[in-house]
Amino acid sequence: MSTPVAKYRQDYVAPAFTTSHIELDVVLDDHQTKVTAVLDIKQLRVGEPLHLDGDKSLKLVELLVDGTPYTDYNRDDEGLTINGIGSCQLTIINEIDPKNNTALEGLYKSGNAFCTQCEAEGFRRITFYQDRPDVLATYTTRVEADKAGYPFLLSNGNKIESGELDSGRHWVRWQDPFPKPSYLFALVAGDFDKLTDSFKTRSGRDVALEIFVDKGHLNRAHHAMASLKKAMAWDESRFSLEYDLDIYMVVAVDFFNMGAMENKGLNVFNSKYVLASPDTATDTDYMGIESVIGHEYFHNWTGDRVTCRDWFQLSLKEGLTVFRDQEFSSDLNSRGVERINNVRILRSHQFAEDEGPMAHPIRPEKVIEMNNFYTLTVYEKGAEVIRMMHTLLGEEKFQAGMALYFERHDGQAVTCDDFVQAMEDASGIDLGLFRRWYSQSGTPQLTVKDHYDPSTQCYELTLTQMTPSTADQSEKLPLHIPVDIELLSADGTPITLKGAESQRNNSVLNLTDVKQTFVFESVASKPTPCILQQFSAPVKLFYDYSDEQLLLIIQKATDEFCRWDALQQLIHKYVRLNVTAYQCQEKLTVPEAFVDVLRAALLDPELDPAFTALLFNLPSTRELIELFDCADIDAIEAVRFWLQTYIAEQLEDEVSALITKATGIDKNELESEQIGWRSLKAQLLKYAAFRNEALIKREYNQAQTMTMTLAALTSANQAQLACRDELMRDFEQKWQHDGLVMDKWFTLQGTYPGNDVLERVKTLMNHPSFSLSNPNRTRSLIGSFCEGNPVAFHREDGSGYEFLSDILRQLNESNPQVAARLVTPLIQFGRLTKNHQSKIKEVLTSLADMDNISRDLYEKIDKALGQFA
Ligand code: TRP
Ligand code: ZN
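What you are looking at is a predicted structure, and each value in this text was computed from that prediction instead of being measured. (Residues numbered from 1 in each chain as written. Chains lettered and ligands numbered in written order. Predicted model: local features only at pLDDT ≥ 70, side-chain atom pairs only at ≥ 80, totals over all residues. Heavy atoms only, no water.)

### A word on the overall build of the protein chain
Okay, step 1: Along the backbone of the protein chain there are 27 helices and 32 strands.
Okay, step 2: Taking 869 residues into account, the globule formula puts the C-alpha radius of gyration at 29 Å, and the protein chain, at 28 Å, falls close to it.
Okay, step 3: With respect to the principal axes defined by its C-alpha atoms, the protein chain has extents near 90 × 65 × 60 Å.
Okay, step 4: Long-range pairs, those at least 24 residues apart, make up 70% of the contacts in the protein chain between residues at least 6 apart in sequence.
Okay, step 5: For the protein chain, the accessible surface area stands at approximately 33,000 Å², while carbon and sulfur atoms represent 48% of it. (Helix = DSSP H or I, 4+ residues; strand = E, 2+ residues; numbered from the N terminus. Rg over C-alpha atoms; globule rule 2.2 N^0.38 Å. Contact = heavy atoms within 4.5 Å. Areas by Shrake-Rupley, 256 points an atom, 1.4 Å probe, with all protein chains shown as cover.)

Here's what the structure looks like:
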């Protein structure tokens, strides 16, 4: 294999040609699909050949220039270079083999249906084309297939023509009037059940809404449809954005590498993010569907109407669209709960990415395989960067910035700079320094020191920032960090901020230097600072809180995030102390006040069950590993387990009283009140499992919803109850025919804390419901073991690493994208012991030696091995 080459953001060159229109004709066949593309080529610069991307798997049949066969071209593994042409009409005929396409990129079969996935560079697996996002063309697509097997033939835009052929075949022609890059192309053919509805836009146009699902699953599509209509209405009211075509289609498929894809007018979804009924899906699944349906819908403007100039700009559409879907969920549900859940993901996964070999800024500088950059950094940190601009500008100016962005760039392929420029121009707020968030990688550390002078009643906060160097970038510069604060007096009442006016905007301090002091006046006594309200910046905070201060914040702070985070800090502190105690074989303890504050939360007469559930959801072992430079995983797990059982014992009565109170909440209803109570009960069952096995069995047997069924099963699994295997068998009997439901079961198997879990996982790979060719199944069983069961995965003998390595060898050939996602726990080893690291190095070295290693795995493993040098 030749060493894959990297591309650099700085090397961007506008194309010498563009394609303004494409007439595509796809004659579907399992192994010999015939693709005819007629391209209107426009020359933009003279003296250069036309380069068309084309995968080496494409079989070129014919190439014509203005209708005449043409031979002055070169074909290599990357595509075609056509010499001696200017503006012309280019006709290309080629063949592809969808049924053997296991990578699920380009045109492939998901079960009996044909479907496509073109982002990022999948269109080149369908035909030869300028497969880059700055080439925008209008598409007309004719799809032909056997009518009995494929009654529905779909593509982007509006259906303009259809017809029947002899021999039982039929065809449909689609036209998409909006110029789009090839990554937004989609084609689907199959037999589905179709849920139909409509939406009247605020300017009065009727839009047909269609959701296509596997036959027999129509009753599971209603939540997705309701979510879609909410998303359409929300984008009108909050962002003044209206849908632009007459039809919006969503197709659910079982074989899909990611969550969903925003193809213009024809979204393709992983069925996990469409299908839900109360007996098959949990409340979390329902929320996930609402958010992903929203996300893909919001892309219609932030992604499709205004797209990326090149793939280095991916966060232009993804960071912004994640911000939009987070706001959608926050406006519809609980803002505090939504924020806390997002921060947990950011801290546990994105911060880890920053510390590992794949560290990159939200706008990467260097890429080998683009699929490797659909990352937590580009998506989640990218959304944080948009959120910080929103914090700095406020809603009104931010919306003015959005309006200017669309006014300037509708129909264009643009850069992250273009976006920030629109925000800056519309608001008049200087974002010069702020732009550094786009080019600098790593997690900034924010250290806060304070000083109170009773004689002057002045309170000083001194903020210092420092970003540790990362694998990709050693020198770091100061950033513009918005720090939203609240000061609490001794009894917990908020203090009105006076002073430091020029350095802040209301409660948001503008930290722009390495070190800055903010002085507040007329402060009657030493306050407790709540720092980073709503997590106003993606940084690590260091402030030396006393237990008393944290307890005050937990009980009195205005901001829910700060209250939750103060508890996390308290937990972190006692996990650290107890890990040391455990290593010295000393007794594990927490102060009584710690248990008291949890008790108070349960007894609070104004208890918000969803928020209390978050308080009782202990950080995962994986999250706790981040607290240690060199993590003793067994000790961390033991301490976490002890803490869970200790709280269970101390609060046994209060927990069981609340579980009893939480009755009548299991009635299939999606009201937030009910969801909140179910989530609290699910958390409490995890504690109750250690005290009362009969209760767990009863809860399992009486559960009315998948939410409560899974809650009971999860607590039995985690506590390794005697009834665990029996309940698991019962669930398996009931659901073995249903892959999506079995994913929950496979996830429990992968995260089972028993010693023999790896043997069990290996055996389950032969389970009739399991298949390594299905990414959902693979992630549920294998992914949950490797990422969600750190003790077993990181066993000293290296058996977990060997196991993953075997899987990666198989997936390297069949599905490199899934392989490259699964490799994550093997490349983020910075906090592991020397022994673990050397075992990992062995495994990675041998993987790197595969002679057919994919670009996806090569890029990650090569970088990871570089860390050992
Ligand atoms: N653009 C998609 C989204 O964020 C992401 C996506 C879906 C994707 N499928 C993909 C990215 C396959 C890379 C490869 O909604
Ligand atoms: Zn997206």
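### Thoughts on the sheet that holds strand 2 (residues 17-27)
Okay, step 1: Strand order across the open sheet formed by eight strands is 6-5-9-3-2-12-15-14, with mixed pairing between neighbours. Each of the sheet's edge strands pairs with one partner strand only, and the pair in question is strand 6 (68-69) and strand 14 (158-164).
Okay, step 2: As defined by bridge partners, strand 5 (residues 59-65) adjoins strand 9 (residues 88-96) across six bridges and the pair is classed as antiparallel. Across the sheet, valine 65 pairs through a bridge with leucine 90, a residue of strand 9. (Pairing = 2+ DSSP bridges.)

### Things to note about the packing of aromatic side chains
Okay, step 1: According to the stated counting rule, one finds 35 aromatic pairs in the structure shown.
Okay, step 2: Taking 6.4 Å as the distance between ring centres and 45 degrees as the angle between the ring planes, the aromatic pair formed by phenylalanine 152 and phenylalanine 192 counts as tilted. Residue phenylalanine 152 is located in strand 13 (residues 152-155), and its partner phenylalanine 192 is located in the loop between strand 16 (187-190) and strand 17 (193-200); the two are separated by 40 residues in the primary sequence.
Okay, step 3: Seen in terms of ring centroids, phenylalanine 793 and tyrosine 801 are 5.2 Å apart; in terms of plane orientation they differ by 70 degrees. Their pairing is edge-to-face. Comparing phenylalanine 793 with tyrosine 801 shows no difference in burial state: the two are buried. (Phe/Tyr/Trp six-rings, centres within 6.5 Å; stacked < 30°, edge-to-face > 60°. Buried < 20%, exposed > 50% of the residue type's maximum accessible area, 1.4 Å probe, protein only.)

### Re the site of ligand 1
Okay, step 1: Ligand 1 sits among 16 residues. The nearest are Glu119, Ala260, Glu262, Glu296 and Tyr379.
Okay, step 2: Contact distances for ligand 1 include 2.5 Å between a nitrogen atom and a side-chain N or O atom of glutamate 119.
Okay, step 3: Tyrosine 379 places a polar side-chain atom, nitrogen or oxygen, 2.6 Å from an oxygen atom of ligand 1.
Okay, step 4: In the complex, the protein chains occlude 97% of the 370 Å² of accessible area that ligand 1 would expose alone. (Near = heavy atom within 4 Å. Polar contact = N/O pair within 3.5 Å; in protein donor to acceptor, adjacent residues only side chain to side chain.)

### Looking at helix 13 (residues 633-650)
Okay, step 1: Compared with the 26 Å implied by 1.5 Å per residue over 18 residues, the 25 Å span of helix 13 between its first and last C-alpha is a close match.
Okay, step 2: Turning to helix 13, its buried residues are Ile633, Ala635, Ile636, Val639, Arg640, Trp642, Leu643, Gln644, Ile647 and Ala648. (Expected span 1.5 Å × (residues − 1).)

### A few points about the coordination of the zinc ion (ligand 2)
Okay, step 1: Bound to the zinc ion (ligand 2) on the protein side are His295 (NE2), His299 (NE2), Glu318 (OE) and Glu318 (OE), at distances that span 1.9 to 2.7 Å.
Okay, step 2: For the zinc ion (ligand 2), the single-chain donor residues occur in sequence as H-x3-H-x18-E. Of the two residues, histidine 295 is situated in helix 2 (residues 283-298) and glutamate 318 in helix 3 (residues 314-332); the sequence distance between them amounts to 23 residues.
Okay, step 3: Of the residues examined, glutamate 318 reaches a relative accessible area of 1% and is grouped as buried. (Donors = N, O, S within 2.8 Å, 3.2 Å for Na, K, Ca; no water.)

### Some details on the UniProt feature "domain: Aminopeptidase N-like N-terminal" (unreviewed entry) in the protein chain
Okay, step 1: In the numbering adopted here, UniProt assigns the feature "domain: Aminopeptidase N-like N-terminal" (unreviewed entry) to residues 89-184.
Okay, step 2: Structurally, residues 89-184 is divided into 0% helix and 53% strand, and its ends, taken at the C-alpha atoms, are 22 Å apart. (UniProt positions renumbered as here; feature names shortened; annotations may be inferred.)

### Looking at the pattern of salt bridges
Okay, step 1: Across all of its chains, the model carries 67 salt bridges by this definition.
Okay, step 2: In this structure, the salt-bridge partner of arginine 335 is glutamate 327, at a minimum N-O distance of 2.9 Å.
Okay, step 3: Its relative accessible area of 33% is what places arginine 335 among the partly exposed residues.
Okay, step 4: Note that aspartate 756 is salt-bridged to arginine 760, the shortest N-O span being 3.1 Å.
Okay, step 5: Classification of arginine 760 by relative accessible area gives partly exposed; the value is 22%.
Okay, step 6: Shared partners join several salt bridges into a network, and the residues in it are Arg238, Glu327, Asp331, Arg335, Arg387 and Glu395. (Salt bridge = Lys/Arg side-chain N within 4 Å of Asp/Glu carboxyl O.)

### Side note on the sheet that holds strand 26 (residues 458-466)
Okay, step 1: Spatially, four strands are ordered 30-26-25-32 in an open sheet, and the strand pairing comes out mixed. The outermost strands of the open sheet, each flanked by one partner alone, are strand 30 (515-520) and strand 32 (540-542). Direction aside, the axes of adjacent strands within the sheet are offset by 20 degrees on average. (Axes fitted to C-alpha atoms, helices over the stretch in contact; angles between N-to-C directions.)

### A closer look at the packing of helix 16 (residues 693-702) against helix 17 (residues 706-718)
Okay, step 1: Across the interface, helix 16 lies against helix 17 with an axial gap of 8 Å and an inter-helix angle of 150 degrees. Considered as vectors, helix 16 and helix 17 are oriented roughly antiparallel to each other. The hand of the helix 16/helix 17 crossing is left-handed. From helix 16, Ile696, Glu699 and Tyr700 reach across to helix 17, where they touch Thr709, Ala712, Leu713, Ser715 and Ala716.
Okay, step 2: Looking at the contact of helix 16 with helix 17, its residues break down into five nonpolar, two polar and one charged. (Parallel < 35°, antiparallel > 145°, perpendicular 65-115°, else oblique. Left-handed = near helix turned anticlockwise from the far one by under 90°. Nonpolar A, V, L, I, M, F, W, Y, C, P; charged D, E, K, R; others polar.)

### So, unusual backbone geometry
Okay, step 1: The linkage connecting glutamate 119 with the following residue, alanine 120, adopts the cis geometry, with an omega of 0 degrees.
Okay, step 2: Take alanine 120: it is sitting in the loop between strand 11 (113-117) and strand 12 (137-146).
Okay, step 3: A positive phi angle is found at aspartate 66, which is not glycine, with a value near 45 degrees.
Okay, step 4: Here aspartate 66 shows up in the loop between strand 5 and strand 6.
Okay, step 5: A positive phi angle is found at leucine 104, which is not glycine, with a value near 60 degrees.

### A look at the pairing of strand 21 (residues 266-270)
Okay, step 1: Judged by how many residues are buried, strand 21 sits mostly within the fold: five of five residues are covered.
Okay, step 2: Residues Leu266, Val268 and Asn270 line one face of strand 21 and the alternating positions Asn267 and Phe269 line the opposite face, and both faces are buried.
Okay, step 3: As defined by bridge partners, strand 19 (residues 247-253) adjoins strand 21 across five bridges and the pair is classed as parallel. In the strand pairing of strand 21, valine 250 is matched with asparagine 267.
Okay, step 4: Across two bridges, strand 20 (residues 260-261) lies against strand 21 in antiparallel orientation. Its bridge partner being in strand 21, alanine 260 is matched across the sheet by phenylalanine 269.
Okay, step 5: Connecting the antiparallel pair strand 20 and strand 21 is a turn made up of four residues, with glycine 265 showing a positive phi of about 70 degrees.

### Examining the side chain of arginine 387
Okay, step 1: Tracing the chain through its elements places arginine 387 in helix 5 (residues 376-409).
Okay, step 2: In this structure arginine 387 comes out as buried when scored by relative accessible area, which is 13%.
Okay, step 3: Within the structure, arginine 387 has its side chain in polar contact with the side chain of glutamate 327 (distance 3.0 Å).
Okay, step 4: Among residues more than four places away in sequence, those in contact with arginine 387 are Phe323, Gln326, Glu327, Arg335 and Arg339.

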